Amino acid sequence: MLATHVTFGNQVIVDSQTITEVSQEGMSTSVARTFFPFSWVWFSIVALATSLLAAHRMVEGDIWVHLRNAQELCARHTLIHHDLYTFTSAGAPLINFEWLSELPFFLAFQAWSFRGLLAVEVLLLWLTFGCAYYLALRRGADCADAALVTIAGVLLGSYSLGPRMFHFGYLCLMAVIFVLERFTRTASGLWLLPPIFAIWINLHASWVFGFVVLGLYVGTGLFDGRWNNIVAERWSSPDLRKLLLATVGSVAALFINPYGYRLVRYPFELLGKQRAVRDELTEWQSVDFHTFWGKLAMVMLVALLAAAWFSEKPWPLRDVLLAAFAVWAGLTHIRFLLFAGIVLVPILAPRLRLLAPPDDNAKPRPWLNLAVTAIMAGLIVWAYPTNARMQESNDSQFPRDGLRFLQQNHISGRLFHYYAFGGYIEWYAPEIKTFADPRTDIFIYNGVLADYLNIVGIDHTFELLDKYKIDYVLFPVDMRLTYALDHNPGWRAIYVDGVVKIFERVPGTKS
């Protein structure tokens, strides 16, 4: 009697027992061992698309305060524990939860200016999506389908591209998934998890996602069965003990950080107390399906439905739950569309047939593959923007000339400014104390952010400007506050360009 079996990724379930194997037949022809496999050609296309999208999103307001933080760390050889930059929150205790991520960006900017920032960002994205692409191949996807789904994932998360610290966190996320995937095949390698989490917590607060993934791998292995096309297999007792021990070790590793338990507690404070962040900042708001990224999210949902409907492969329970969590996170907060784009690549790619299947009998052409990949690499270098081009793009969004005006005229006094300009001012004009900056939490706790929102919302605006004894206002030319100041006799414009307008309080008058 022949044994019954079903294919489960790279696993074969035989008579309810899982034989973990990675055979040449169980993998795509894309990863056949050749001198230079065709899969590298497709990944070079992924790398080119990623580079172009990353360069397009280089105007980023948060990066400047991170550069200033890293500069302070390198100069003082100690982490920041109190606010040094603003007059509204001077001395307020704070946690720089991204201190380790800031250093590579700072060093790259010091060495190569904007091109350095882009280089760090692109490298992080290549590594992260490269891991997702490779994992899709390991699970049986054709390299062309895997590449197209990976590009779609990059495009889906393109709202959050730019020199952002959480790119380090998502690279750690893929490292955790890789370790867990390897453990399902070989029952080894879990010792790597605690070091990954020890590094991750010092890079970014997204380490919480790592424990969600770890919890799903552990939790879904507590069940054994099949429900229609969904399959779960119970961990053996030794493997479960290893997973629980690795989980405990990973939790303990979180406390290897310079802020102690406060850094571990930080992301939960964000969820529980910082409602203003989630309500007022665009990237924390839910997806609007009328926008470009909302339409991409709709495509993501359609792809998931198509994979669920047409794929004959059984769905591991952990993949079902992980995909559901990724979709929920991405739709709830637009900044997490990047998380969804990364996680869904190895889940969807093996189940979608986007292009014609490859000819298994085709003769490998490693030298042609190398030549095409070299062409893609040449295009990446050719399309890499110059510092001057990125500086010009940045200057079109930030008050470079306005700051020069303040500095050249030795204008001092309390300055109220557009929120996104805070870090930029702190980096390029450190002698000017700012009103607020992207380190949002401290300004929530002392009420500064609420007052800022009221000022720009024209709600007791002039009373609040008086409260903070504001002498100057630097704001974009097309904002409501700019219009209000233009029509108030207590303020007069002293500078204007295509980006900002600077107002000065008229002596002897009230707003």
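Cut-offs applied
- Residues numbered from 1 in each chain as written.
- Predicted model: local features only at pLDDT ≥ 70, side-chain atom pairs only at ≥ 80, totals over all residues.
- Heavy atoms only, no water.
- Helix = DSSP H or I, 4+ residues; strand = E, 2+ residues; numbered from the N terminus.
- Rg over C-alpha atoms; globule rule 2.2 N^0.38 Å.
- Buried < 20%, exposed > 50% of the residue type's maximum accessible area, 1.4 Å probe, protein only.
- Contact = heavy atoms within 4.5 Å.
- Areas by Shrake-Rupley, 256 points an atom, 1.4 Å probe, with all protein chains shown as cover.
- Patch = residues over 30% accessible without salt bridge, like charges linked within 9 Å, V, L, I, M, F, W, Y side chains within 5 Å.
- Salt bridge = Lys/Arg side-chain N within 4 Å of Asp/Glu carboxyl O.
- Pairing = 2+ DSSP bridges.
- pLDDT = per-residue confidence, 0-100.
- Axes fitted to C-alpha atoms, helices over the stretch in contact; angles between N-to-C directions.

Draft legend 1. How the structure looks around the overall build of the protein chain. The helix and strand inventory of the protein chain stands at 21 helices and 10 strands. Its C-alpha atoms give the protein chain a radius of gyration of 26 Å, within 12% of the compact-globule value 24 Å for 511 residues. Its C-alpha atoms give the protein chain principal-axis dimensions of about 100 × 50 × 45 Å. Within the span of the protein chain, comprising 511 residues, buried residues form 53% of the whole. Of all intrachain contacts in the protein chain linking residues separated by at least 6 positions in sequence, the fraction that spans at least 24 positions is 70%. Just so you have it, the protein chain exposes about 23700 Å², and 62% of that area is on carbon and sulfur atoms.

Draft legend 2. Representation of a nonpolar patch on the surface in the model. A surface patch of nonpolar side chains, amounting to about 220 Å² of accessible area, comprises Leu 148, Leu 354 and Leu 355. Tracing the backbone through its elements, the reader meets Leu 148 in helix α4 (residues 143-156).

Draft legend 3. Inspection of the sheet that holds strand β6 (residues 315-316) at higher detail. The strand order β4-β5-β6 describes an open sheet built from 3 strands, whose pairing is mixed. Each having just a single partner strand, β4 (225-227) and β6 make up the two edges of the open sheet. Two elements, strand β5 (residues 230-232) and β6, share 2 bridges in a ladder whose sense is parallel. Opposite Val 231, over in β6, you have Pro 316 as the bridge partner.

Draft legend 4. Seen up close, the pattern of salt bridges. Going through the model one piece at a time under the given rule, you end up with 18 salt bridges. Between Glu 283 and Arg 335 there is a salt bridge whose closest N-O contact spans 3.0 Å. Placement of Glu 283 in the loop between α10 (275-280) and α11 (292-310) and of Arg 335 in the loop between α12 (317-332) and α13 (337-348) is noted, with a sequence separation of 52 residues between them. No difference in accessibility class separates Glu 283 from Arg 335, as the two residues are buried. What emerges from the salt-bridge pattern is a single network uniting Glu 60, Asp 62, Arg 164, Glu 283 and Arg 335.

Draft legend 5. Structural detail: the confidence of the model for the protein chain. Chain-level pLDDT for the protein chain is 89 on average; 90% of the residues reach the 70-or-more range. The low-confidence segment residues 1-32 (pLDDT under 50) makes 61 contacts with residues lying over four places distant or belonging to another chain.

Draft legend 6. Expanded view of the sheet that holds strand β10 (residues 500-505). Pairing is mixed across the open sheet formed by 4 strands, whose spatial order is β7-β8-β10-β9. The sheet is open, and its two edges are formed by β7 (415-417) and β9 (491-496), each paired on a single side. The average undirected angle you get between the axes of adjacent strands in this sheet is 25 degrees. Looking at chain direction, β9 and β10 are connected through 5 bridges and run antiparallel. Within β10, the position partnered with Ala 493 by the bridge is Phe 503. Against the sheet, helix α19 (residues 448-456) engages β7 and β8 (472-476), with an angle of about 75 degrees to β7.

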